[in-house]
Amino acid sequence: MFPRAPNRHCRDIARSGGERSENIAMKALVYHGAGDKRLEERPMPEVEHPGDAIVRILHTTICGTDLHILKGDVPTCQPGRILGHEGVGVIETVGAGVSSFNRGDHVLISCITACGRCSYCRRGMYSHCETGGWILGNLIDGTQAEYVRIPHADTSLHHIPAGADEEALVMLSDILPTGYECGVLNGKVAPGSSVAIVGAGPIGLAALLTAHFYSPASVIMIDVDPRRLQVASSFGATAVIDSGATDPIAAVMALTENRGADTVIEAVGVPATFELCQDLVAPGGVIANIGVHGAKADLHLERLWSRNIAITTRLVDTVTTPLLLKTVSAGTLDAGRLVTHHFTLDHVLEAYDTFGRAADTAALKVIITP
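Computed from a predicted structure; not experimentally measured. (Residues numbered from 1 in each chain as written. Predicted model: local features only at pLDDT ≥ 70, side-chain atom pairs only at ≥ 80, totals over all residues. Heavy atoms only, no water.)

The next subject is the overall build of the chain. In terms of regular secondary structure, the chain is built from 14 helices and 16 strands. A compact globule built from 370 residues would reach a C-alpha radius of gyration of about 21 Å, and the chain, at 21 Å, matches this within 12%. C-alpha extents for the chain along the principal axes are approximately 65 × 40 × 40 Å. Out of the 370 residues belonging to the chain, those deemed buried represent 54%. When contacts within the chain are restricted to residue pairs at least 6 apart in sequence, those whose partners lie at least 24 apart make up 70%. Entry remark: accessible area of the chain is about 15,800 Å², with carbon and sulfur atoms responsible for 52%. (Helix = DSSP H or I, 4+ residues; strand = E, 2+ residues; numbered from the N terminus. Rg over C-alpha atoms; globule rule 2.2 N^0.38 Å. Buried < 20%, exposed > 50% of the residue type's maximum accessible area, 1.4 Å probe, protein only. Contact = heavy atoms within 4.5 Å. Areas by Shrake-Rupley, 256 points an atom, 1.4 Å probe, with all protein chains shown as cover.)

Right, dumping it as structure tokens:
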């Protein structure tokens, strides 16, 4: 791609501070403590540092992590915070230090903010960036609003190809790189291997879709929701197990010649599912945890110590977003299959209700459009 000429007018405004926007309000979904969220008017964000960009949101979504925040599982997120860490949008303003983006560019927002310079970023551990990481909708205001400020814009935004399905690309902000990095890559999915995914929600399905990159012999999905298991079958699961009606341990053993699965991916985030994974993994296998855990879970070393088991944890780094963007753009990965419902920002509370009652609504990912 040829370098673009800088938007001097936009940069000059950002460098000088421009017109103050305290009196200009926008709509935003604001967290006010456990169980309390409200659609409110908030001041427009402004450039605070030279590397910032202000993005007008075109589409955003709700993550399971947002539900964990609302349950009180994420104490770093304080009342008064605008929620959300996913979305696509259009650059409205850039700071004087931004060199890769200009006003009017369509961009994918990474859920992880990365400076690209600190010791963690140099190791590809963007989630632990010393001045970034998972800060959107957690430590700073997020994307469930009409506008959002993105720090370290040059290394935290991605150009969207012309003609791309921008709703589908919202899935690349978080869910697909999370399923891929924390589940598939950490779980060392390999050709001919067996994979069991506990949880057929959006993140488990994202792991299922990206596990196919490595041609495993079998991918077994486990959940208590028959409708989500039907979706998993349509997404390419070789077997599904309704753990509300069937003993999942016996069923997995029957499907794996009594060995267990080479890779077991935990995609729920509750103690019972993590403990189930310990019963499903084969000797020499990997348990890859994706779920956000707000309570302690037992680790049964009395059973596992001699079985050559690896247990991995990870916060998504989004290092694979460029790769995934290419697969979606090429049609190799159909990210839009994860979208089931659409709402406007005015109806964001209804969107949360729909997403939070997925067993009743059959919701996977909802798209919210200001």
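A few words on the sheet that holds strand S6 (residues 106–109). One open sheet holds the 5 strands; their spatial order is S7-S3-S5-S6-S8, and the pairing between them is antiparallel. The open sheet has two edge strands with one neighbour each: strand S7 (147–150) and strand S8 (157–159). Recorded for the sheet is a direction-independent mean angle of 45° between the axes of neighbouring strands. Here 4 bridges tie strand S3 (residues 53–59) to S7, and the two strands are oriented antiparallel to one another. Across the sheet, the residue bridging to Arg-56 is Tyr-147, located in S7. (Pairing = 2+ DSSP bridges. Axes fitted to C-alpha atoms, helices over the stretch in contact; angles between N-to-C directions.)

One non-glycine residue, His-152, lies in positive phi territory at about 50°. As for its position among the elements, His-152 is in the loop between S7 and helix H4 (153–156). His-152 gets classed as partly exposed once you look at its relative accessible area, which sits at 26%. Despite not being glycine, Asn-258 shows a phi value in the positive range, around 65°. By secondary structure assignment, the location of Asn-258 is in the loop between helix H9 (248–255) and strand S12 (261–266).

Take the packing of helix H6 (residues 175–185) against helix H7 (residues 202–211) next. Packing of H6 against H7 leaves a shortest axis separation of 8 Å and a crossing angle of 70°. Looking at the two axes, H6 sits roughly perpendicular to H7. Where H6 crosses over H7, the handedness of that crossing is right-handed. On H7, the residues that touch Ile-175, Leu-176, Thr-178, Gly-179, Tyr-180 and Val-184 of H6 are Pro-202, Ile-203, Ala-206, Ala-207, Thr-210 and Ala-211. In terms of residue class, the contact of H6 with H7 is built from 9 nonpolar, 3 polar and no charged. (Parallel < 35°, antiparallel > 145°, perpendicular 65-115°, else oblique. Left-handed = near helix turned anticlockwise from the far one by under 90°. Nonpolar A, V, L, I, M, F, W, Y, C, P; charged D, E, K, R; others polar.)

Considering all chains together, one arrives at 2 aromatic pairs under this definition. Seen in terms of ring centroids, Tyr-180 and Phe-213 are 5.5 Å apart; in terms of plane orientation they differ by 75°. Their pairing is edge-to-face. Taken as a pair, Tyr-180 in helix H6 and Phe-213 in the loop between H7 and strand S10 (218–223) lie far apart in primary sequence, 33 residues in all. Classification of Tyr-180 as buried rests on a relative accessible area of 4%. When its relative accessible area of 29% is taken as the criterion, Phe-213 is described as partly exposed. Ring geometry for Tyr-180 versus Tyr-214: centroids 6.3 Å apart, planes at 20°, classification stacked. Here Tyr-180, found in helix H6, pairs with Tyr-214, found in the loop between H7 and S10; they are 34 residues apart in sequence, far enough to count as distant. When its relative accessible area of 26% is taken as the criterion, Tyr-214 is described as partly exposed. Chaining the aromatic ring pairs together yields one cluster made of Tyr-180, Phe-213 and Tyr-214. (Phe/Tyr/Trp six-rings, centres within 6.5 Å; stacked < 30°, edge-to-face > 60°.)

Moving on, we come to the sheet that holds S12. Ordered in space as S11-S10-S9-S12-S13-S14, the 6 strands form an open sheet in which the pairing is parallel. Unpaired on one side and paired on the other, strand S11 (239–242) and strand S14 (310–312) mark the two borders of the sheet. Between one strand and the next, the sheet's axes are offset by a mean angle of 15°, whatever the strand orientation. Inspection of the sheet shows strand S9 (residues 194–198) paired to S12 by 4 bridges, in the parallel sense. Counterpart to Val-198 in the pairing with S12 is Glu-266.

Purely geometric numbers; function is a separate question.
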